[in-house]
Amino acid sequence: MADTRTVEVFTAGCPLCSDIVSLVQDLACDSCDVHTVNLQEDDGHRRAREVGVETVPAVAVNGTLADCCRGGGVNEDDLRAAGVGKPL
């Protein structure tokens, strides 16, 4: 069993994205390894394609888009359901 979960926050650098980065960082626990992925960078754009990001902001947990990021937008309940903020 892994000691951490990888939480990726996909952003385009806009204020709305910054709010979601803050939300995820506030929710994160010691088991969450949070990374901000900037789509304005080549590596960020490539990673977003791999994960299936279609809109930003978006959040992936362990390489899988959170349910809230599959068209409806990010929300706290769906992030918690994906495990963000829950120790392993």
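Our subject is the structure that appears above.
**What to know about the sheet that holds strand 2 (residues 32-38)**
Phase 1 of the analysis: With mixed pairing, the 4 strands of this open sheet are ordered in space as 2-1-3-4. Whereas interior strands pair on both sides, the edge strands pair on one side only; in this sheet they are strand 2 and strand 4 (64-65).
Phase 2 of the analysis: In terms of strand pairing, strand 3 (residues 58-61) meets strand 4 through 2 bridges, oriented antiparallel. Among the inter-strand pairings, Ala60 is bridged to a residue of strand 4, identified as Leu65.
Phase 3 of the analysis: Here helix 2 (residues 42-51) sits on the sheet in contact with strand 1 (5-11), strand 2, strand 3 and strand 4, set at roughly 115 degrees to strand 1.

**Some remarks on the nonpolar core**
Phase 1 of the analysis: Within the largest apolar cluster, 24 residues are counted, with the highest numbers of intra-cluster contacts made by Phe10, Val59, Cys69 and Leu79.
Phase 2 of the analysis: Of all elements in the fold, only strand 1, helix 1 (15-27), strand 2, helix 2 and strand 3 reach the threshold of two or more residues within this core.
Phase 3 of the analysis: Not counting the four nearest positions on each side in its chain, Val59 is found in contact with Val7, Glu8, Val9, Ile20, Val24, Thr64, Leu65, Ala66, Cys69, Val74 and Leu79.

**What about the environment of His45?**
Phase 1 of the analysis: Counting through the fold element by element, His45 comes out in helix 2.
Phase 2 of the analysis: When its relative accessible area of 36% is taken as the criterion, His45 is described as partly exposed.
Phase 3 of the analysis: Spatially, the C-alpha atom of His45 lies 9.9 Å from that of Thr11, the residues being 34 residues apart in sequence.
Phase 4 of the analysis: Discounting residues that sit within four places of it in the chain, His45 has contacts with Asn38 and Leu39.

**Things to note about unusual backbone geometry**
Phase 1 of the analysis: In this structure, the amide linkage connecting Val56 to the following residue, Pro57, adopts the cis form with an omega of 0 degrees.
Phase 2 of the analysis: Mapping Pro57 onto the fold places it in the loop between helix 2 and strand 3.
Phase 3 of the analysis: Notably, Asn62 is not glycine yet its phi reads approximately 50 degrees, a positive angle.
Phase 4 of the analysis: Relative to the helices and strands, Asn62 resides in the loop between strand 3 and strand 4.

The rules behind these values
Residues numbered from 1 in each chain as written. Predicted model: local features only at pLDDT ≥ 70, side-chain atom pairs only at ≥ 80, totals over all residues. Heavy atoms only, no water. Pairing = 2+ DSSP bridges. Helix = DSSP H or I, 4+ residues; strand = E, 2+ residues; numbered from the N terminus. Contact = heavy atoms within 4.5 Å. Axes fitted to C-alpha atoms, helices over the stretch in contact; angles between N-to-C directions. Core = buried A, V, L, I, M, F, W, Y, C linked by side-chain atoms within 4.5 Å. Buried < 20%, exposed > 50% of the residue type's maximum accessible area, 1.4 Å probe, protein only.

Nothing here speaks to function; it is geometry throughout.
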